[in-house]
Amino acid sequence: MKFINHCLPLLSLMILGSCNVKKTELSSSLKNSYKNDFYIGTALSADQIEEKDAKVDSLICRQFNAITAENIMKSMFVHPQKDKYDFALTDKFVAFGEKNKMFIHGHTLIWHSQLAPWMEKIKDSTEMKAFMNDHITTIVSKYKGRINSWDVVNEALNDDGTLRKSVFLNTLGESYLADAFKLAAKADPKVDLYYNDYNLEDPAKREGAINLIKKIKAAGGKVDGIGSQGHWNLNSPSLEEIEKSILAYSALGVKVAFTELDITVLPNPWDLKGADVNQKFEGNPKMNPYPETLPDSIQNKLAQRYADIFKLFLKHKDKISRVTFWGVHDGQSWLNDWPIKGRTNYPLLFDTKLQPKKAYNSVMQLKEVKE
Ligand code: 9MR
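The structure displayed is predicted, hence computed values, not measured ones.

## Some thoughts on the UniProt feature "active site" (unreviewed entry) in the protein
Using the residue numbers shown here, the UniProt feature "active site" (unreviewed entry) corresponds to Glu260. In contact with Glu260, other than residues within four places in its own chain, are His107, Asn196, Ser228, Gln229, Gly230, His231, Thr324 and Trp326.

## A closer look at the confidence of the model for the protein
Taken residue by residue, the protein gives an average pLDDT of 91. The fraction at 70 or more is 89%. In the model, residues 1-16 has pLDDT below 50 throughout and makes 7 contacts with residues more than four positions away in sequence or in other chains.

## Topic: the pairing of strand E2 (residues 66-69)
Residues Ala66 and Thr68 line one face of E2 and the alternating positions Ile67 and Ala69 line the opposite face, and both faces are buried. As paired elements, strand E1 (residues 39-44) and E2 share 4 bridges and run parallel to each other. Along E2, the bridge assignment pairs Thr42 with Ile67.

## Focus: helix H7 (residues 88-99)
Helix length check: H7 (12 residues) gives 17 Å between terminal C-alpha atoms against 16 Å at 1.5 Å per residue, within 8%. When H7 is considered as a whole, its buried residues turn out to be Thr90, Phe93, Val94, Phe96 and Gly97. The arc enclosing the buried residues of H7, seen along the axis, measures out at 155°, which places them on a common side. For H7, the elements touching its buried residues are E1, helix H4 (46-49), helix H5 (54-63), E2, helix H6 (75-78) and strand E3 (103-106).

## What about the pattern of salt bridges?
Where charged atoms from two side chains of opposite charge come close, those side chains can pair. For the coordinates displayed, the defined rule picks out 18 salt bridges. Linking Lys52 and Asp47 is a salt bridge whose minimum nitrogen-to-oxygen distance equals 3.4 Å. Overall, the relative accessible area of 57% leaves Lys52 in the exposed class. Of the residues examined, Asp47 reaches a relative accessible area of 42% and is grouped as partly exposed. For Glu241, the salt bridge goes to Lys244, with nearest N and O atoms at 3.5 Å. Taken together, the residues span about one helical turn, with Glu241 and Lys244 both in helix H13 (residues 239-250) at a distance of 3 residues.

Reading the values: rules and limits
Residues numbered from 1 in each chain as written. Predicted model: local features only at pLDDT ≥ 70, side-chain atom pairs only at ≥ 80, totals over all residues. Heavy atoms only, no water. UniProt positions renumbered as here; feature names shortened; annotations may be inferred. Contact = heavy atoms within 4.5 Å. pLDDT = per-residue confidence, 0-100. Buried < 20%, exposed > 50% of the residue type's maximum accessible area, 1.4 Å probe, protein only. Helix = DSSP H or I, 4+ residues; strand = E, 2+ residues; numbered from the N terminus. Pairing = 2+ DSSP bridges. Expected span 1.5 Å × (residues − 1). Arc of directions from axis to C-beta. Salt bridge = Lys/Arg side-chain N within 4 Å of Asp/Glu carboxyl O.

Have a look at this one:
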């Protein structure tokens, strides 16, 4: 009898074919603790989508109930040639989410970066319109009813709130924004459509984003949410600005998601007066102060920062649909290579050995105290 009881959860998981996570482990997890508040997501690398490492796989399934593809859905990978799409990995990504009953977010349809070389050559409006039409319609239709939300347009704004002079703006003018949202809604009328960007807590960019959403809506586009990326640091943006942004975006009648959350603990070369941001920083130990381990003092600061942020998120949980971390663990973070290559950063809740950090405990404790 004992044996049967012990094995049942595992057996049922094996039958379902989802990740190998014991029920006892599930009870103490981010996704479980926050299940009544908002989705807790993570960005997956190609290897993680392919389930190459069983330990990482089990951590993903245990802790997260929403997924975003960190790179493989970007246009250069999914649409490498004009008449050729490559859905091999995107199919696996969607299957992974379905198998594990996760919320599946598509990132991203219209973005000036990581374009395929053939797209960068598009110079006139007729060709660009044809590209947008084909790209959005093909991808969104393919996953209709299976992908739960899309970043339709990514990073269309400059930091001062004006429109970025991207290849899309240059060829099509402002109308490309509403058109992108219309095309996506036509391909899947039920899927949630987001505008996604970084620095959306800065007052000037916030104003720009508010105007952008209003304009898209006025032109007949369906916008369901704003994705604030949340590539933050230990001191900024301030909680006040984050809160103002949640309130301002939600007042537009859209959902607010934090879509790429991570917190750098390393010095930023742009804060150095007169510094030239280039290779010169490489190999400079001052810019990579914690190559082996993170000192307790900074570990504690990171934990406090995450606690403050999640406390605020919980205060506004009625407005927040999802909080997604940009990666599963510190070892995979893009922040190890940006803005300087080859540093050691500590921006997430799990360390390179997949162990929960103090920051994980502080995020979990917020729920334990209350319940
Ligand atoms: O994390 C992604 C990194 O692996 C890629 O090299 C990079 C290419 O531009 O994109 C990173 O993800 C970005 C995301 O798609 C959009 N917002 C900013 C993210 C960090 O650069």
